[in-house]
Amino acid sequence: MAMSQNAVRGEYERAEASARENLLSFFLAHERERDVVAATQKVDGLWREWTWGELLDRAARLSEALVASGIAPGDRVCIYSDSRLEWVLADLAIVGAGGITVPIYGSNTPEEVAYIVENSQAKMLFVDHDRGAGGAEGRWKRLAQIAERTRGIQRFVGFELESKSDERLVSLTEFEEEGAEILRQHPARRNALQERANAIGKDELCCILYTSGTTGDPKGVMLTHENWAAQVRAVADVELLLPTDVVMLFLPLAHAFARVVEVAWIGLGFKLAFAESADKVVENMAEVGATVLPAVPRVFEKAYAKVLADGTALPGLQGRLFRWAIGEFERRADALEEGGKASAVMARARWALARALVFGKLRERLSERFGGRMRLFISGGAPLAAKFCIFFNECGLKLVEGYGLTETCAPTHANRNGDIKPGTVGRPLLGIEARIASDGELLVRGPQIMVGYYNQPEETAAVLDAEGWFHTGDIGTLDAEGRLTITDRKKDLIKTSAGKYVAPQQLENALKQEPLIGHVAIVGDKRRFIAALVTISEEVAKRWASAVKLPASDYTSLVMRPELRERIQTAIDAVNQRLPRHAAIRRFAILEQEWSQLTGELTPKLSVRRKIVEAKFKRIVDSLYGQAEQGGRP
């Protein structure tokens with residue numbers, strides 16, 4: 001049946017509107033709500049709010065300054081900073097000038113920064129003060145170390161500046177004033193931002209996100225405006241984030257997970273609160289009345305460990321009651337993880353009593369701690385053990401897990417409200433197809449998938465096939481409803497000398513359910529058996545030591561205690577009971593230092609850099625296998 005002329009026109013107009021969807025057009029749509037509060041951040045110790053109108057005006061001034069500085073459509077501009085309001089302003093200004101944003105992690109070393117600047121051929125760079133590492137100009141000092149490799153940078157813009165040690169360096173305030181002066185002198189340019197938004201095609205690049213480079217040089221993931229527009233539509237479809245929310249952001253905006261939060265904020269219009277630091281997230285959430293916290297699994301693991309440490313340390317009847325209730329929770333979580341329910345009458349009765357006596361009060365305390373308005377935690381960036389998801393949900397604090405990669409513009413899957421299945425990352429998002437290859441690898445396809453790696457056609461061809469399927473490198477399974485469970489990274493699978501495959505992430509996640517354990521790295525590739533390197537959570541361990549009256553005042557003395565080793569051995573034994581013999585952990589070492597980004601063992605999303613850890617602690621790993629050889633077969 002032929003379409004009417006009006007229907008044809010309607011289809012054409014919808015197609016035209018879709019073609020104009022880009023990050024800048026989503027932002028400019030807030031012109032009609034100029035007086036609505038868009039974001040908040042602490043300034044001189046007090047929370048300061050910005051309306052959409054203020055952000056629109058500032059982005060317009062900054063984009064004009066960028067154009068006047070020679071930034072043309074397609075030019076790359078870097079942002080080397082921790083997450084803050086100025087970061088997103090710089091991003092919007094870059095896109096507003098027709099440029100391409102190239103984020104750099106605030107924790108990146110000078111060598112890593114130099115590689116990204118050179119590889120992306122960036123023309124300008126925004127940088128923050130970095131008070132936490134190296135003083136008021138810490139990150140600028142790191143840039144000074146690679147001065148010879150940043151000659152291609154025409155101008156540096158400092159978010160906060162105390163001195164000018166380079167003629168190319170200007171403060172954000174001065175740079176914004178340059179744009180303001182252009183607009184004062186040329187009033188006709190006030191519509192320039194809208195004109196540039198109309199000119200941006202949906203297939204044009206919006207940003208290049210560099211991967212962490214744990215197995216070599218970082219790869220620049222090219223993401224288009226349509227990638228992000230599709231992600232806005234997908235996030236809106238799952239209805240996890242609402243326009244009425246106050247979302248706390250502390251994740252690094254150089255990571256795709258945080259970028260999705262930023263883009264969802266621009267597209268959906270909730271209020272975005274920037275945390276002072278990772279250490280102050282909980283305090284800041286209470287101060288601003290946050291309702292949603294996106295975070296990596298390590299945050300939830302540490303929160304769980306603290307709850308257990310605090311409760312276990314309670315004196316007398318309170319402590320005994322808490323420990324009993326946690327025991328009941330453990331049994332319930334085990335039953336739920338195995339796919340069933342604690343169906344015995346006595347088990348149900350005991351759990352009901354535990355919820356009434358302990359978990360109800362625990363829910364009140366946790367809710368109070370997070371400010372009393374929290375309605376949702378979102379976990380992403382790495383696998384989360386099902387137990388932690390079950391715990392928070394049993395405490396009445398909804399926790400959902402999602403899955404995605406930088407190359408997929410972050411989430412391709414997510415659990416939904418009313419459809420949370422712990423241990424899975426949920427069903428595909430709007431527009432995403434998923435299937436499992438014959439070797440167990442997850443393949444995904446859809447409008448959120450990258451166009452390729454910057455200047456690396458061979459690397460692109462290795463992961464994007466002719467039919468548009470992206471080969472994720474993750475091993476997973478799909479249940480009957482399409483829910484995805486990720487078991488490990490394909491490249492991380494360990495093959496013992498007996499030819500048996502072991503998924504290390506599964507073992508690591510299982511061990512991290514012991515509150516005393518900070519991080520774990522499973523080793524054993526081409527070895528006779530599986531072993532583990534373990535670090536201890538110092539804060540939790542000190543509380544435990546005090547509760548059991550052990551004289552241990554610092555990390556080093558704690559890890560030397562035989563009682564601590566016995567506790568870790570008990571946790572390993574419990575995990576081993578569920579494993580086939582070839583996957584059982586036969587030896588372990590407790591390391592005398594915690595891991596961090598600064599010392600190189602952790603990525604910015606707090607995942608373990610496995611190859612770096614194995615190389616750094618090779619002597620200890622070798623000794624574990626040497627002990628086994630001396631003592632006979634493990």
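Residues numbered from 1 in each chain as written. Predicted model: local features only at pLDDT ≥ 70, side-chain atom pairs only at ≥ 80, totals over all residues. Heavy atoms only, no water.

Asks: I'd like to hear about the overall build of the protein chain, residue by residue, with values.
Replies: Of the regular secondary structure elements, the protein chain holds 22 helices and 26 strands. Against the 2.2 N^0.38 benchmark of 26 Å for 634 residues, the protein chain shows a C-alpha radius of gyration of 26 Å, consistent with a compact globule. Summarising its shape, the C-alpha atoms of the protein chain cover approximately 80 × 65 × 50 Å along the three principal directions. For the protein chain, the proportion of its 634 residues judged to be buried stands at 53%. Nonlocal contacts in the protein chain, meaning residues at least 24 apart in sequence, comprise 65% of its contacts between residues at least 6 apart. (Helix = DSSP H or I, 4+ residues; strand = E, 2+ residues; numbered from the N terminus. Rg over C-alpha atoms; globule rule 2.2 N^0.38 Å. Buried < 20%, exposed > 50% of the residue type's maximum accessible area, 1.4 Å probe, protein only. Contact = heavy atoms within 4.5 Å.)

Asks: Describe the sheet that holds strand 17 (residues 433–436), listing the residues and the values that go with them.
Replies: A sheet is described by the order of its strands in space; here four strands give the open sequence 17-18-20-21, paired in antiparallel fashion. Each edge of the open sheet is held by one strand with a lone partner, namely strand 17 and strand 21 (484–489). On average, each strand axis in the sheet is inclined to that of its neighbour by 50°, with strand direction left out of account. Here strand 17 runs beside strand 18 (residues 441–445); their pairing, made up of four bridges, is antiparallel. By the bridge assignment, Ala434 is partnered in strand 18 with Val444. (Pairing = 2+ DSSP bridges. Axes fitted to C-alpha atoms, helices over the stretch in contact; angles between N-to-C directions.)

Asks: Explain the environment of Glu177 to me, using residue names and the numbers behind them.
Replies: Assignment of secondary structure puts Glu177 in helix 7 (residues 172–185). Sequence separation between Glu177 and Leu56 is 121 residues, and the spatial gap between their C-alpha atoms is 15 Å. A distance of 2.4 Å separates a polar atom in the side chain of Glu177 from a polar atom in the side chain of Arg184. (Polar contact = N/O pair within 3.5 Å; in protein donor to acceptor, adjacent residues only side chain to side chain.)

Asks: I'd like to hear about the pairing of strand 15 (residues 410–414), residue by residue, with values.
Replies: Working note: regular strand, side chains alternate between the two faces of the sheet. Counting buried positions along strand 15 gives five out of five residues, so the element sits mostly inside the fold. As defined by bridge partners, strand 14 (residues 399–405) adjoins strand 15 across four bridges and the pair is classed as antiparallel. Opposite Gly402, over in strand 15, you have Ala414 as the bridge partner. Between strand 14 and strand 15, which pair antiparallel and follow one another directly, the connecting turn spans four residues, one of which, Cys409, has a positive phi of 60°. Across two bridges, the pairing between strand 15 and strand 16 (residues 427–428) is antiparallel. Residue pairing across strands places His413 opposite Pro428, the latter belonging to strand 16.

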